[in-house]
Each structure stands twice: as C-alpha cells, then as structure tokens.
Amino acid sequence: MKILSLGCKTMREGVIASSIFFLAGILLIVAGSTVVPEMFYMRHVVMLLGLITLLFAPIILISTFLLSVLPGAKEKLEKCEH
Amino acid sequence: MINLPVFITRHVLIALLLGGLAGILFVLSLIEFDHLTGSEEFCTGCHSMELVAAPYRKSKHYNPASGVRASCGDCHVSDGVLAATWDHILGGKDLFAQLFGADYDDPVINALHLPEAAFAARRWFKKEDSATCRRCHTLEAINGSRANTLLIHQQEAQDKSCIDCHYNLVHRLVPEERTFKRDRWNRMIEREFDLPTGKADELLQQ
C-alpha cells in the first residue's frame, strides 16, 4: 500500500485536503441555509452534504497524523521536520 | 529555571494557533448547523413533514397558554452538540427515503406509512428515556390540573418513561404497537380518502 507510507508530499496533501473539506463544508452549510432555493429538497441535500464534508475535515487530519506516527514513517518525514 | 520543551518552535506555535482557531470554528459550525436544522422551518421544508405538522399546529405544544412553544427539534433532536449532530446524520436516512423512497408527499401514502414512523419515533423516545421531554418538563414538578397528577408522576412514573404513557402527543393518533391492526388502519385510510377497498394494500405493495 503506497498511500500508507507517508512522505512529506502526502502529509502536506493530507493537511491541504483537510482544509479544503473544512472550508467547503462550511460554505455548503452557509449556502444551504441562505441562498439555495427551496426546490427538489435542494436545501436539505446541500445542508447534509455540507455536514458530511465538514465532518471529513478532522477525519482526514487525524488519519494523516496517525499515519505520520506509524513506525517507519519517521525516517521519511525527517526531511520535512523542523 | 525550568527547561522548556525544545520541540516548541515557531512553526509549532503557528500550527497550534491555526488548529485551535479551526477547532473552535468547527464546533461553532456544528452548533449553528444543529440549530438551523432543528427548526420547524427546516423540518417542514418537505411536504411530507408539513403533513405531520398539521395536527401539531393544533396541539397544546404549539399553542400553549404560556407561549412556550416546543418546536420539532426540541422534541426530536437530542441535547448537546455531539448527540444532536449524530441525530442529524441519522436523519439523513429519512432524507434519502424522501428522495428515493415512496411518495411520502402524497397524503394517502403518508398516512399508510405513518404507523411505522410513529412506532420508530416512540422507540427512539423510549431508548432516550424521553430525555428531550425532560428538557422542559421536570417529572417531580408536574402538578397538573387534576388532583392526582402530581402523585402519578412522583410514584407510578418513577420507573417509566414519559413516552410510555404520553404517546399520541402532538401528531395524528396511532394505536399502540401491540394493539395495532394493519387491516383496520388501511380500511380507515380508504374511508378517509374515498378509495375502493383493497386499494391501500395495493399502494403499500409498491
């Protein structure tokens, strides 16, 4: 499993992906509660999507963290540590 | 002088600050989300929920003397961010049924499926030990308008949950699950909507 061996790149990708999900989730919730029209249950769908997206943010971040403390990951991450 | 941990660098400080702020924003978003989606306006956004809300609008919980109105979320969504968010995730299943399931917006279909929904709701209240009712009602303080109401709640009700005795509270009357007869319910709905006998079973099959 390549994705399980975390390098500097995948770690950064994880953090960026988490932030994107975070912002997208909040945007969807705000949109769902304000601008989305009351049509075909769009409001409810958008709000639910927003919630799920928002919940993914910490999940991605925590998994990235867990992968970074996995044995073996330390050497590869040495290069991007400060 | 104590030795301060050396791993605290400027980058760690920045990460802590950003992470902390994001964490606060995350929790605030969840609270705001639960607030928005527990409102009567949001719940009755689907026509099927407008149908179950009609009897509620005539109930004492909608029009109490005191004006303390219980809205959908007050009874149907648990207290606390985590529990409320969990309830809303589970509620996504209902949205799925609304979108891809039977046509619950049709009054007949809605009425035919209502008993199962009511039983499920009662089971939920039972499982939660009617926790949402206790947000507003204090068991020991229910004086009531009749002589023995206080006594009933202080003694008989001790090892029971509100929903055991107070079902059929604000929605259409549905018999208790043990005595519920599907056949009688279907005939009643057929009479109510002027449908030929047997039509209800046919509709349920679909």
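About the thresholds
- Residues numbered from 1 in each chain as written.
- Chains lettered and ligands numbered in written order.
- Predicted model: local features only at pLDDT ≥ 70, side-chain atom pairs only at ≥ 80, totals over all residues.
- Heavy atoms only, no water.
- Helix = DSSP H or I, 4+ residues; strand = E, 2+ residues; numbered from the N terminus.
- Buried < 20%, exposed > 50% of the residue type's maximum accessible area, 1.4 Å probe, protein only.
- Contact = heavy atoms within 4.5 Å.
- Areas by Shrake-Rupley, 256 points an atom, 1.4 Å probe, with all protein chains shown as cover.
- Lys, Arg positive; Asp, Glu negative; His and termini not counted.
- Charge placed at Lys NZ, Arg CZ, Asp CG, Glu CD.
- Salt bridge = Lys/Arg side-chain N within 4 Å of Asp/Glu carboxyl O.
- Phe/Tyr/Trp six-rings, centres within 6.5 Å; stacked < 30°, edge-to-face > 60°.
- pLDDT = per-residue confidence, 0-100.
- Axes fitted to C-alpha atoms, helices over the stretch in contact; angles between N-to-C directions.
- Parallel < 35°, antiparallel > 145°, perpendicular 65-115°, else oblique.
- Left-handed = near helix turned anticlockwise from the far one by under 90°.
- Nonpolar A, V, L, I, M, F, W, Y, C, P; charged D, E, K, R; others polar.
- Disulfide = S-S within 2.5 Å.
- Core = buried A, V, L, I, M, F, W, Y, C linked by side-chain atoms within 4.5 Å.

Student: Looking at this model, I keep getting lost on the overall build of chain B. Mind explaining?
Tutor: Helix and strand content of chain B: 11 helices and zero strands. In sequence order, the secondary structure elements of chain B are arranged as α-α-α-α-α-α-α-α-α-α-α. Across its three principal axes, chain B shows a C-alpha extent of roughly 85 × 50 × 30 Å. Counting across all 206 residues of chain B, residues that qualify as buried make up 30%. Long-range pairs, those at least 24 residues apart, make up 59% of the contacts in chain B between residues at least 6 apart in sequence. Carbon and sulfur atoms make up 63% of the accessible area of chain B, which totals about 13800 Å². On chain B, the mean spot of the 22 positive side-chain charges and the mean spot of the 27 negative ones are 4 Å from each other.

Student: Just to check I follow, could you spell out the environment of Val36(A) for this structure?
Tutor: Here Val36(A) lies in the loop between helix H1 (8-34) and helix H2 (42-68). Those residues in contact with Val36(A), other than ones at most four positions away along the chain, are Ala31(A), Met42(A), Arg43(A) and Val46(A).

Student: Any chance you could explain the pattern of salt bridges here in plain terms?
Tutor: For side chains bearing opposite charge, pairing can occur when the charged atoms are close. For the structure on display, the rule yields 16 salt bridges over all chains. When the shortest N-O distance is used, the salt bridge between Glu41(B) and Arg43(A) registers 4.0 Å. Placement of Glu41(B) in helix H2 (residues 40-43) and of Arg43(A) in helix H2 is noted, with the two residues assigned to different chains. A relative accessible area of 58% means that Glu41(B) is categorised as exposed. Taking the relative accessible area as the measure of exposure, Arg43(A) reaches 16% and is therefore buried. Between Lys126(B) and Asp164(B) there is a salt bridge, with the nearest N and O atoms lying 3.0 Å from each other. Taken together, the residues span a long stretch of sequence, with Lys126(B) in helix H6 (residues 107-127) and Asp164(B) in helix H9 (residues 162-165) at a distance of 38 residues. When salt bridges with common partners are traced through the structure, they connect Asp183(B), Arg187(B), Glu190(B) and Asp201(B) into a single cluster.

Student: Looking at this model, I keep getting lost on the packing of aromatic side chains. Mind explaining?
Tutor: The description of an aromatic ring pair uses the distance of the two centres, along with the angle that the planes make with each other. Residue and element names in this part refer to chain B. Scanning all chains against the criterion turns up seven aromatic pairs over all chains. Taking 5.3 Å as the distance between ring centres and 75° as the angle between the ring planes, the aromatic pair formed by phenylalanine 119 and phenylalanine 180 counts as edge-to-face. With phenylalanine 119 in helix H6 and phenylalanine 180 in the loop between H9 and helix H10 (182-192), this residue pair connects regions lying 61 residues apart in the sequence. Judged by relative accessible area, phenylalanine 119 falls into the buried class, the value being 5%. Under the relative-accessibility criterion, phenylalanine 180 is labelled buried at 15%.

Student: Explain the confidence of the model for chain B here, please?
Tutor: One rule of thumb: low pLDDT means the predicted coordinates there are not for detailed reading. Per-residue pLDDT for chain B has a mean of 90; in total, 100% of the residues score no lower than 70. Across the interface, the model reports ipTM at 0.82; the global pTM reads 0.89.

Student: Before we go on, may I ask you to explain the packing of helix H3 (residues 47-56) of chain B against H6(B) in this structure?
Tutor: Residues and elements named next belong to chain B. The interhelical angle for the contact between H3 and H6, taken along N-to-C directions, is 65°, at an axis separation of 10 Å. Viewed along their axes, H3 and H6 adopt a mutual orientation that is roughly perpendicular. The two elements H3 and H6 meet at a crossing, and its hand is right-handed. Contacts from Ser48, Leu51 and Val52 of H3 reach H6 at Pro107, Asn110 and Leu114. Counted by class, the contact of H3 with H6 contains four nonpolar, two polar and no charged residues.

Student: Looking at this model, I keep getting lost on the state of the cysteines. Mind explaining?
Tutor: Chemically, a disulfide is nothing more than a covalent bond linking the sulfur atoms of two cysteines. Residue and element names in this part refer to chain B. For the structure on display, the rule yields zero disulfides over all chains. Lacking any disulfide linkage, cysteine 72 is separated from the closest cysteine sulfur, that of cysteine 43, by 4.1 Å. Residue cysteine 136 stays outside any disulfide, its sulfur separated by 7.3 Å from that of cysteine 75, the closest cysteine.

Student: Explain the nonpolar core to me, please; I cannot follow it from the model alone.
Tutor: Here is a general trend for soluble globular proteins: nonpolar side chains tend to be buried in one another's company. Within the largest apolar cluster, 14 residues are counted, with the highest numbers of intra-cluster contacts made by Val108(B), Leu112(B), Leu114(B), Val174(B), Trp185(B), Ile189(B) and Leu203(B). For this core, the secondary-structure elements that each account for two or more residues are H6, H10 and helix H11 (199-205) of chain B. The biggest single contributor to this core is H6(B), with seven residues. Sequence-distant contacts of Trp185(B), defined by excluding residues within four places in its chain, comprise Ala111(B), Leu112(B), Leu114(B), Pro115(B), Arg172(B), Leu173(B), Val174(B), Pro175(B) and Phe180(B). Core analysis: the next-biggest nonpolar cluster, separate from the first, contains 11 residues, Leu51(A), Leu54(A), Phe26(B) and Phe33(B) among them.

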